[in-house]
Every structure is written in structure tokens, then in C-alpha cells.
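Listed below are the residues making up each chain.
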Amino acid sequence: MSDPSYYDITLKLSEIKHLFQESEFDPFIPQQDSSSGIDQIINTVKPKSLTCKLRTTILLPADRLSDNLEQSTIEALQCYCTARIERTTNDLATLRGRGIRALKRGLLFLALCLLLSTLFDGLDSLPGLIRRFLSEGCLIAGWVSLWHPIELLLYEWGPYWREKKIYELIKDMELKLTSQG
């Protein structure tokens, strides 16, 4: 009976290096997944809730197992995940910086548009329809200028955050190597 606080994953690899590298595709092997083991884990975890822990069993040919392979694989996996977490954290900080810079430009443009809207609204020399068209056009353009900064700051960070959480789950997962068969 499986523990509900864990999500169990089983990978069948021909070599441990295929945990990080894609294996060569063989069209004569039906239903072969040539993606790397780490990609298989990520693809399995992506649609799941990130609240449970992972437990992964890697099945290898018996002649590919050695005494210290499990420990060295755990260390390599943790090193790999740490590097990916750092990269994703950096990407998040870069995105946040882009969003703040875009917000500053957008607010400046909005202020300019509000000023122009007020000026157009006060021009009695223009017919009412044209005055209203220019005034409200400036208002709309000003508010639209905030669309991209708001998108960056409210929505774009989500996939990066989820990727970081997935790598944190993988880094802390239980790993067991065993022989196939």
C-alpha cells in the first residue's frame, strides 16, 4: 500500500547517464521514451499538486549497478537541481526587474496621456466630436500602456515559480536504484 503523502515514480533506464541525457531513439522498440529521466520526472510531476513528496525508483540493468552509484546519483541530482533552482530564481528576478521598469514607463506614459487628454478636452477651438475622440483616445492609450507591465508582474512569474518548486521537490525526493527484472 502506498503512502498518500508520497508520489511514486518508476523509471526504466538502460544507463544512469540517461537520467540527465536523452537516450538514442530506437524505432524498433515500441513505446520507447527517449527523453531524459529528469524530463520524465518533470513531465510526470507538472500536472500534479506540489504538496506531496516524491519517491523515485530507477530500474537499471544489473550489470550497470555498483556500490556507490546510488549515493553519487543522489549527489549529482541535487547538484543539477540546485543549479536549475538558481537559474530559475535569477530568471524570476530578471522578470521582476523588467516588470518594474515597464511599469515605470507605463505610468509615465499614462501621466502624459492624462495631461494630453485634459488639454484636448479644454480645446474649445475643436468640434466636440473630435475633442472627445482625442481626449478619450489618449485615456485609452494611457491605460493600455499598463497592460504589459501588469501582465509581467501578475501573471508571467507563475511558470517560473512552478518550475522552481518542481526542482525543489526533485532535489529532496527519495531515490532508489535497483536492477530490472
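The text that follows walks through the structure, step by step, so that each part is easy to find. (Residues numbered from 1 in each chain as written. Predicted model: local features only at pLDDT ≥ 70, side-chain atom pairs only at ≥ 80, totals over all residues. Heavy atoms only, no water.)

Turning our attention to a positive patch on the surface. A surface patch of like charges, here positive, comprises Arg98, Arg101, Lys104 and Arg105. Here arginine 98 lies in helix 2 (residues 69-121). Judged by its relative accessible area of 39%, arginine 98 falls in the partly exposed class. (Patch = residues over 30% accessible without salt bridge, like charges linked within 9 Å, V, L, I, M, F, W, Y side chains within 5 Å. Areas by Shrake-Rupley, 256 points an atom, 1.4 Å probe, with all protein chains shown as cover. Salt bridge = Lys/Arg side-chain N within 4 Å of Asp/Glu carboxyl O. Lys, Arg positive; Asp, Glu negative; His and termini not counted. Charge placed at Lys NZ, Arg CZ, Asp CG, Glu CD. Helix = DSSP H or I, 4+ residues; strand = E, 2+ residues; numbered from the N terminus. Buried < 20%, exposed > 50% of the residue type's maximum accessible area, 1.4 Å probe, protein only.)

Counting 23 residues, the largest nonpolar core has Ile41, Val45, Leu54, Ile58, Leu77 and Ile170 as its most contacted members. Secondary-structure elements contributing two or more residues to this core are strand 1 (6-12), helix 1 (37-45), strand 2 (53-60), helix 2, helix 5 (157-171) and strand 3 (174-179). Aside from chain neighbours lying at most four places away, what touches leucine 77 is Leu19, Phe20, Ile38, Ile170, Met173 and Leu175. (Core = buried A, V, L, I, M, F, W, Y, C linked by side-chain atoms within 4.5 Å. Contact = heavy atoms within 4.5 Å.)

A separate point is the packing of helix 2 against helix 3 (residues 128-144). Look at helix 2 against helix 3: their axes get within 8 Å of each other, and the N-to-C directions meet at 170°. Judged by the inter-axis angle, helix 2 sits roughly antiparallel to helix 3. For the pair helix 2 and helix 3, contact is made by Phe109, Leu110, Cys113, Leu114, Leu116, Ser117, Phe120 and Asp121 and by Arg131, Leu134, Ser135, Cys138, Leu139, Ala141, Gly142 and Trp143, respectively. Among the residues forming the contact of helix 2 with helix 3, the class breakdown is 11 nonpolar, 3 polar and 2 charged. (Axes fitted to C-alpha atoms, helices over the stretch in contact; angles between N-to-C directions. Parallel < 35°, antiparallel > 145°, perpendicular 65-115°, else oblique. Nonpolar A, V, L, I, M, F, W, Y, C, P; charged D, E, K, R; others polar.)

Reading across from one edge, 1-2-3 is the order of the 3 strands in this open sheet, with parallel pairing throughout. Two strands lie at the open edges of the sheet, namely strand 1 and strand 3, each paired on one side alone. Across the sheet, the mean angle from the axis of one strand to that of its neighbour is 20°, orientation sign disregarded. The pairing of strand 1 with strand 2 spans 7 bridges and is parallel. Paired with aspartate 8 across the bridge in strand 2 is arginine 55. (Pairing = 2+ DSSP bridges.)

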